[in-house]
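Architecture and fold: a report
The primary structure of each chain is shown beneath.
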Amino acid sequence: MHPRDQTIFALSSGRPPSAIALVRVSGSRAGRVMAGLAGKLPSPRMATRALLRDIGQRPIDDAVVLWFPGPASATGEDVAEFHVHGGRAVLAALFAALSGFEDVRPAEPGEFTRRAFENGKLDLTEAEGLDDLIHADTDRQRRQALRQLKGLLGDRARDWRARIIEASALIEAGIDFSDEGDVPAELIAPALAKVRALLAEIEEVLAGQGRSERLRDGLVVAIAGPPNVGKSTLMNQLARREVAIVSPHAGTTRDVIEVQLDLDGYPVTVIDTAGIRATDDPVEQEGVRRARARAADADLVLWLSDSPREAIDHDGVAPIWKVRNKIDLQEAGRPLAEAEPPGPGSFEISASRGDGVPELIAALVGFAQGYFGGTDGGLISRTRQRKLLQETATSLRRSVAVVGQGEELAAEELRLAAHSLGRLLGRVDVEDILDAIFREFCVGK
Ligand SMILES: Nc1nc2c(ncn2[C@@H]2O[C@H](COP(=O)(O)OP(=O)(O)OP(=O)(O)O)[C@@H](O)[C@H]2O)c(=O)[nH]1
Ligand SMILES: [K+]
Ligand SMILES: [Mg+2]
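From a predicted model like this one, the values you see are computed outputs, not experimental measurements.

1. Re the sheet that holds strand S12 (residues 346-348)
In space, the six strands of this open sheet follow the order S8-S9-S7-S10-S11-S12, with mixed pairing throughout. The sheet is open, and its two edges are formed by strand S8 (257-263) and S12, each paired on a single side. Here the average twist between neighbouring strands, direction ignored, is 25 degrees. Here S8 pairs with strand S9 (residues 266-272) via seven bridges, running antiparallel. Following the sheet pairing, Leu 261 is matched in S9 by Val 268.

2. Regarding the nonpolar core
The tendency in soluble globular proteins is for nonpolar side chains to be buried as a group. The biggest cluster of nonpolar side chains holds 33 residues, and the ones touching the most others in it are Ile 164, Ile 171, Ile 202, Leu 389 and Leu 396. Broken down by secondary-structure element, the contributors of at least two residues to this core are helix H6 (152-177), helix H7 (185-208), helix H12 (383-402) and helix H13 (407-425). Broken down by element, the residue count for this core peaks at nine residues, all from H7. When neighbours within four sequence positions are excluded, Leu 396 is seen to be in contact with Ile 164, Val 195, Leu 198, Leu 199, Ile 202, Leu 414 and Ala 417.

3. Some words on the UniProt feature "binding site: (6S)-5-formyl-5,6,7,8-tetrahydrofolate" (unreviewed entry) in the protein
Mapped onto the present numbering, the UniProt feature "binding site: (6S)-5-formyl-5,6,7,8-tetrahydrofolate" (unreviewed entry) falls at Arg 24, Glu 81, Lys 121 and Lys 445. Mapped onto the elements, Arg 24 comes out in strand S2 (residues 18-26). Setting aside residues no more than four positions away along its own chain, Lys 445 makes contact with Arg 24, Gly 110, Glu 111, Phe 112, Thr 113, Leu 130 and Ile 134.

4. Focus on the coordination of the potassium ion (ligand 2)
With distances of 2.6 to 2.9 Å, the protein atoms coordinating the potassium ion (ligand 2) are Asn 228 (OD1), Ser 247 (O), His 249 (O) and Thr 252 (OG1). Here the potassium ion (ligand 2) and the magnesium ion (ligand 3) are spaced 4.9 Å apart.

5. What about the domain arrangement of the protein?
For the protein, the assigned domains read domain 1 (7-123), domain 2 (127-208 + 380-426) and domain 3 (215-372). Here domain 1 and domain 2 have C-alpha centroids that lie 40 Å from each other. Contacts between the two partners involve four residues from domain 1, matched on the other side by seven residues from domain 2. Carbon and sulfur atoms supply 59% of the area buried between domain 1 and domain 2, which totals about 470 Å² over both sides. In terms of surface lost to domain 2, no three residues of domain 1 exceed Phe 117, Leu 122 and Asp 123, which account for 83% of the buried area on that side. Our enumeration of links across domain 1 and domain 2 arrives at one salt bridge. Residue composition of the side of domain 1 that touches domain 2, by class: two nonpolar, one polar and one charged.

6. Digging into helix H8 (residues 231-239)
One full turn of an α-helix is made of 3.6 residues, so residues set three or four places apart face in the same direction. Judged by how many residues are buried, H8 sits mostly within the fold: eight of nine residues are covered. Every buried residue of H8 is accounted for by Lys 231, Ser 232, Thr 233, Leu 234, Met 235, Asn 236, Leu 238 and Ala 239. In this structure, the buried residues of H8 make contact with strand S7 (219-224), S8, S9, strand S10 (300-305) and helix H11 (357-372). Positive phi appears at Arg 240, one or two residues downstream of H8, with a value of about 60 degrees.

7. So, the pairing of strand S1 (residues 7-11)
Of all the five residues making up S1, five are buried; the element is thus mostly covered by neighbouring parts of the structure. Here S1 shows no split at all, with Thr 7, Phe 9 and Leu 11 on one side and Ile 8 and Ala 10 on the other all buried. In terms of strand pairing, S1 meets strand S6 (residues 104-106) through three bridges, oriented parallel. From the neighbouring strand, Thr 7 faces S6, where its bridge partner is Val 104. Connecting the antiparallel pair S1 and S2 is a turn made up of six residues.

Criteria and thresholds
- Within every chain, residues take consecutive numbers counted from 1 along the sequence as written.
- Chains carry letters from A onward and ligands carry numbers from 1 onward, assigned in written order.
- Selection of residues for local features in this predicted model requires a pLDDT of at least 70, selection of side-chain atom pairs for listing and counting requires 80 or more, and totals for whole chains, interfaces and linings are taken over all residues.
- Excluding hydrogens and water, the side-chain values take into account all heavy atoms of the structure.
- Two strands are said to pair when DSSP picks up at least two bridges between them.
- Note on conventions: DSSP H or I runs of at least 4 residues are helices, E runs of at least 2 residues are strands, and numbering of each starts at the N terminus.
- Between N-to-C directions, angles cover 0 to 180 degrees, with each direction set by a line fitted to C-alpha atoms, over the stretch in contact for helices.
- Residues belong to one nonpolar core when they are buried, are Ala, Val, Leu, Ile, Met, Phe, Trp, Tyr or Cys, and are joined through side-chain atoms within 4.5 Å.
- Relative accessibility under 20% of the residue-type maximum defines a buried residue, over 50% an exposed one, and the middle range a partly exposed one, all with a 1.4 Å probe and only protein chains included.
- We call two residues contacting when some pair of their heavy atoms lies within 4.5 Å.
- UniProt positions are given in the numbering used here, feature names are shortened, and annotations may be inferred rather than shown by experiment.
- A 2.8 Å cut-off from the metal defines N, O and S donors, relaxed to 3.2 Å for Na, K and Ca; water is not in the atom list, so some sites may appear incomplete.
- Segmentation of the chain into domains, including their bounds, is taken from an automatic or database domain assignment.
- Here the buried area means the combined drop in accessible surface, using a 1.4 Å probe, for two parts upon being joined, counting both sides.
- Salt bridges are defined as contacts in which a side-chain nitrogen from Lys or Arg sits within 4 Å of a carboxyl oxygen from Asp or Glu.
- For this classification, Asp, Glu, Lys and Arg are treated as charged, while Ala, Val, Leu, Ile, Met, Phe, Trp, Tyr, Cys and Pro are nonpolar and the rest, including Gly, are polar.

In structure tokens, the structure reads:
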């Protein structure tokens, strides 16, 4: 039997031990497996208690089982669910029993979702949304994934694709009409109007959404600056715990230290780095090299200093905010007048006391909002989706541009645009691209 037609099983709940574990089985043998282990097939979609027994009639566990005959199941195939006690030995015994059935094997990562996709239960954007929902750590990631899973992008793409096909039908009809000479303008004009309208919609989605696909990975904010200015102290303030060593000794931090923060639902990775200075210590030199490299790749750099006019020693394309630290010392002694007045992207804080830190955090949230594209988030959640929408828009623009040189050229561009949207939905993709996408999913999904 081809692996694709085999029946698959996997643990679909979390890592054992746990109170309950869910093992799913999908494929043509699922019914035989269920009847074999539970003694008989329960009524469809009814939670039923059953003593599971292996092939030698030895009991495995007292379980709750569910039977979903296809196509009304998550994958579209026959699906059997076993809710067992989530112990490692219980699962080992159940897996051994499942593997004993002919043409039944453990699932590959993402294989359940792939079968659902292939049986038309989900389009590719929805499958991606499902994977994102499982991996969502913050509230905004969850909401974006849920929009994707509910098919918001997929529905738009299906609508656009249908309208492109209508427009191209008008143009093709025009081509058939005129064996010699020009296609009548009455046919071309409405087609062009359709194309322009939907191009505007796609451009709006592309322009208005910030970098919403980056919401999956989050934003990287690097704290950089000279030694001893309080970078690690600020890091600990932002993390609200002692993640980095703080000491009056310049050159304390050498490794890059990362924490994941949830800032108002936005995922933000903050990195603390070695103080940047010339040094003879080879270990510190390596720390400085790493600090420069990570700050150069960051999406935002907080350049920390403890003196009013500190030169910024950093190369990179990311915006830099000047953060002046230790203002508590200034209040105690030196006059405030010598300080540069703080402007946009410029902050004054006391990392040890916490003054100015809430304002800095609020500004970071604002930055994240602008970066990811506003409060409602985007329709686009992956680079793959953005690229295909850009390709679609390019083909539509070309079709409008070339229509004067020949209707066939315009029709060809519309075909390409429809093809790009088909790929977005996973309707026309080649096997290896689908393999690459589904391989990233987890086992049991
Ligand atoms: N008065 C005052 N001291 C601070 C403040 N922030 C940090 N410090 C002190 O400054 C010293 C250096 O702090 P760190 O956080 O280790 O500085 P760093 O920039 O990480 O230093 P390196 O990792 O060595 O580059 C420590 O003694 C801190 O307690 C502040 O806001 N006010
Ligand atoms: K230090
Ligand atoms: Mg430090």
